[in-house]
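Overview (structure and organization)
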Amino acid sequence: ALCRKAGLLVYGEEAVKKALNQKSIICGIEASDSSERGHLFLEDDSFPVFNLFTAVELGKIVAHDVVAHVGLLKGSLSEQVLLALRKIVLYNGAK
């Protein structure tokens, strides 16, 4: 929620594509239940991509119903969020 309020999250296909083109994303988060066709981050290996949350869970993070793609932008809180995501992966053995 802090990153969203700080303007460090972009979500939705168009906003994420724009941030990808601007090279301002430090990590991607895709819904674990999204279709293979909908993976925006697969072609970009310059940052980590996580699929730890469902589309409904991602929607709650950004205060919407359902969201398939979230990009974490460069900013003061971003490294802490990235570290937390990596810890979740280690703890859960998830991707």
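So, a few notes on the structure that sits alongside this text. (Residues numbered from 1 in each chain as written. Predicted model: local features only at pLDDT ≥ 70, side-chain atom pairs only at ≥ 80, totals over all residues. Heavy atoms only, no water.)

1. What to know about the environment of L9
Positionally, L9 belongs in strand β1 (residues 9-11). Here L9 falls in the buried class, since its relative accessible area comes to 16%. C-alpha of L9 to C-alpha of L72: the two residues are 63 residues apart in sequence and 4.9 Å apart in space. Once residues lying within four places of it in the same chain are set aside, the contact partners of L9 are C3, R4, I61, V62, V70, G71 and L72. (Helix = DSSP H or I, 4+ residues; strand = E, 2+ residues; numbered from the N terminus. Buried < 20%, exposed > 50% of the residue type's maximum accessible area, 1.4 Å probe, protein only. Contact = heavy atoms within 4.5 Å.)

2. Let's talk about the sheet that holds β1
Strand order in the open sheet made by the four strands is β1-β4-β2-β3, with mixed pairing throughout. Since the sheet does not close on itself, it has two edges, and those belong to β1 and β3 (49-50), each with one partner. Strand direction decides the pairing type here: strand β2 (residues 25-30) and strand β4 (residues 69-73), joined by five bridges, are antiparallel. Paired with I29 across the bridge in β4 is V70. Here helix α2 (residues 13-21) sits on the sheet and contacts β1, β2 and β4; the angle it forms with β1, its principal contact strand, is near 125 degrees. Across the sheet, helix α4 (residues 78-92) is in contact with β2, β3 and β4; its angle to β2 comes to roughly 40 degrees. (Pairing = 2+ DSSP bridges. Axes fitted to C-alpha atoms, helices over the stretch in contact; angles between N-to-C directions.)

3. Things to note about the environment of A19
Mapped onto the elements, A19 comes out in helix α2. Judged by relative accessible area, which is 4%, A19 ranks as buried. For the pair A19 and L73, spaced 54 residues apart in sequence, the C-alpha separation works out to 8.0 Å.

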